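Commentary on secondary and tertiary structure
Chain residues, written in single-letter form:
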Amino acid sequence: MAALWTLSLLLSACLFWPACLALTPPAELPQPHNLPPSLGFNSSDGSLSVDLPMALRVFSVDYHHVQAPFEIVLWIMLASLAKLGFHWSGRVPAVVPESCLLIMVGLLVGGVIYGVRHSAPPTLSADAFFLFLLPPIVLDAGYFLPGKLFFENLGTILWYAVLGTLWNVLGIGLSLYGVCLLAPSSLGDISLLHCLLFGSLIAAVDPVAVLSVFQEMHVNDQLHILVFGESLLNDAVTVVLYKLFESFLRLPSVSGLDVLLGGCRVLVVGLGGLFVGLFFGLVAALTSRFTSRAQVIAPLFVFLYSYLSYLTSEMLHLSGIMAIVTCAVTMKQYVEANVSERSKTSIQYFLKMWSSVSETLIFIFLGVSTIQDVHMWSWSFVCSTLLLCLIWRATGVLLLTAVVNKLRRNTVTFRDQFIIAYGGLRGAICFSLVFLIDDFPKKRLFITTTIVVILFTVFVQGMTIKPLVELLDVKRKKRALPTVSEEIHSRLIDHLLAGIEDVVGYWGQHYWKDKFEQFNKKYLRRFLIRDDHQAPSSILRVYQELERRDQRGDEEAPPLVDTRSDSRPLLPEEMDSIRRILSRNLQNFNNKQTRAYSRHTLHQDATMDRTRKPLHRHQSLGERYTFNTQGEDGEFSGSRRGRAGLSRSHTGTVKDI
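To keep things clear, this report deals only with the structure shown in the data block. (Residues numbered from 1 in each chain as written. Predicted model: local features only at pLDDT ≥ 70, side-chain atom pairs only at ≥ 80, totals over all residues. Heavy atoms only, no water.)

As a further point, take the overall build of the chain. A count of helices and strands for the chain gives 23 helices and 4 strands. Split into buried and exposed, the 657 residues of the chain put 43% on the buried side. Counting only contacts in the chain whose residues sit at least 6 apart along the sequence, the fraction spanning at least 24 positions is 79%. Looking at the chain as shown, the accessible area adds up to about 35,300 Å², and 65% of this sits on carbon and sulfur atoms. (Helix = DSSP H or I, 4+ residues; strand = E, 2+ residues; numbered from the N terminus. Buried < 20%, exposed > 50% of the residue type's maximum accessible area, 1.4 Å probe, protein only. Contact = heavy atoms within 4.5 Å. Areas by Shrake-Rupley, 256 points an atom, 1.4 Å probe, with all protein chains shown as cover.)

With that settled, consider the packing of helix α13 (residues 298-315) against helix α14 (residues 320-338). Their axes nearest at 8 Å, the elements α13 and α14 cross at an angle of 155°. When the interaxial angle is binned, α13 and α14 end up roughly antiparallel. Our pair here, α13 against α14, has a crossing hand that is right-handed. Across the interface between the two elements, V302, Y305, S306, S309, Y310, S313 and E314 from α13 touch G320, I321, A323, I324, C327, M331 and V335 from α14. The residue makeup of the contact of α13 with α14, split by class, is 9 nonpolar, 4 polar and 1 charged. (Axes fitted to C-alpha atoms, helices over the stretch in contact; angles between N-to-C directions. Parallel < 35°, antiparallel > 145°, perpendicular 65-115°, else oblique. Left-handed = near helix turned anticlockwise from the far one by under 90°. Nonpolar A, V, L, I, M, F, W, Y, C, P; charged D, E, K, R; others polar.)

The subject of this paragraph is unusual backbone geometry. Its identity as a non-glycine residue notwithstanding, H317 has a phi of 60°, on the positive side. Looking at the element boundaries, H317 is found in the loop between α13 and α14. Its relative accessible area of 58% is what places H317 among the exposed residues. Even without being glycine, D473 reaches a positive phi, approximately 55°. With respect to the secondary-structure elements, D473 resides in the loop between α19 (443-471) and α20 (484-504). For D473, a relative accessible area of 56% translates into the label exposed.

Right, let's get into the packing of helix α5 (residues 126-143) against helix α15 (residues 341-370). Between α5 and α15, whose axes approach to 9 Å, the crossing angle comes to 135°. Of the possible angle classes, the one that applies to α5 and α15 is oblique. Regarding α5 and α15, the two cross each other, and that crossing is left-handed. Along the contact surface, α5 presents F129, F132, L133, P136, I137, L139, D140 and Y143, while α15 presents I347, L351, K352, W354, S355, S358, E359, L361 and I362. Looking at side-chain class alone, the contact of α5 with α15 contains 12 nonpolar, 2 polar and 3 charged residues.

See the structure below:
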């Protein structure tokens, strides 16, 4: 632990060294590497002459040649070591969220840089945030989005994200304008449009801050998907409203027609981003169909098409967040059906690593950028903003939930409503948007107020939300993986509900889900998935997915065998069965032909080889079977004495299911 913090301090010193170089006089700075040290106008008539060096240099330093990539690598290394030290700091992660510690590290680094240079440290530009750091986080959230839960709660999520955001923006903006009218001496030069613009950015619930806190608490699936989905789509709405009010500020006057056109623009931006993401998602799925002979580059298309959808939307002034989320959700099932198991693992780990590095850099630069010379303080404006953010979010959640609970079968409880309202954390999105505001006398006040709101929500609300979840006894997430029987019964219930809705003539979510599944199976899967990867049945696909989870050893998966059960010695017939199975499997393994190596193709996975028989596995001792041999093929039949249900570790082939 001490070694990690020592490395962090050394990297901080490396970051301060360029700052010290920047203070040296220009004559002492090293010259560019491609020019001789004595190149210049040395002749009396001003002509160019070259003086040869007196001796060959054995050692030289050319920092400016590698300055940009060198500093980027140092920042990433500092952020990664700080995160690593956080997870090795004993009981600190159980009390302090990771985002809080990273912001404190950024504040420390920014303070030291300010003390060395006597000027403001480097800030995180809005372009760097929106073009390089935000897309990996949104892509990771969209790709691993629980599709079934998300679409089952889509109406509630849109209800919170659209109407709830409008409620917060208009409520905070109009209330702040009233505060400004009450203090004309200090806040009289802030107009109504400026208050609405500030309300649109301060209402942005940051998914980076929300995810970093909620993933550590393991709340129930419904609460997690409501807060996560609302924060994800809330950003798209707030960015659109921010750009709309920014356009209104640049007009000489705003008429009713401008407001109507602004509403149409909001719809065009949101729906345009959705269709752009849908297009690139289908193209990515179609491209992955032809990667069987070059599996090494298959994961690359997931990142390229997703990022291209985001950049295309930003180029067309559409919602890039909507585009990249739609692209990730669209292509996931088709891409994973086309690529190999190793490619799936590569995609998953790279997405997690990429988003984790982006989150770490965002929080560290959030702390570094807080040390500035541009702060302006107003007690009335700052305190009113902080109080209004809490009041309007709480009232919005209560009112909107009271309406939506009348339409939901599984109502949102009051405890969940409190966590939803209290979990409205602000982060880097509103911090980046406030720096994009055109210069006017109170811009520095907006920046200071935004920083105070971010620090309050991340530190106070982020550190107290976990004790509140435990105090209110909020339902936690089920940690166990579903069994095959649970998956089959869940699908059976979905089919029954879809049939009932079809019979009674009610077009509900199960009816449309069943229609989409039929369309997907009849057209999309045949066109976007290779023929040799078409699963013969949905039950078999469920079994294969559960087998993959079992083989990967998911972190949240409990052990399949009850370790508390008493061990017993092996019976003679069990020893014979194990020897027979091992000899059979070793013989099949030795007879397997190894494919020729190609640097463009990965080795074929065992799970993708349909022709080879699967290896037989012995029953788990903790499940207490009785075995009877059946011939020389090594297959056994037994009556199960333990818990009822279908086991994924059953001896035999997939056909036995």
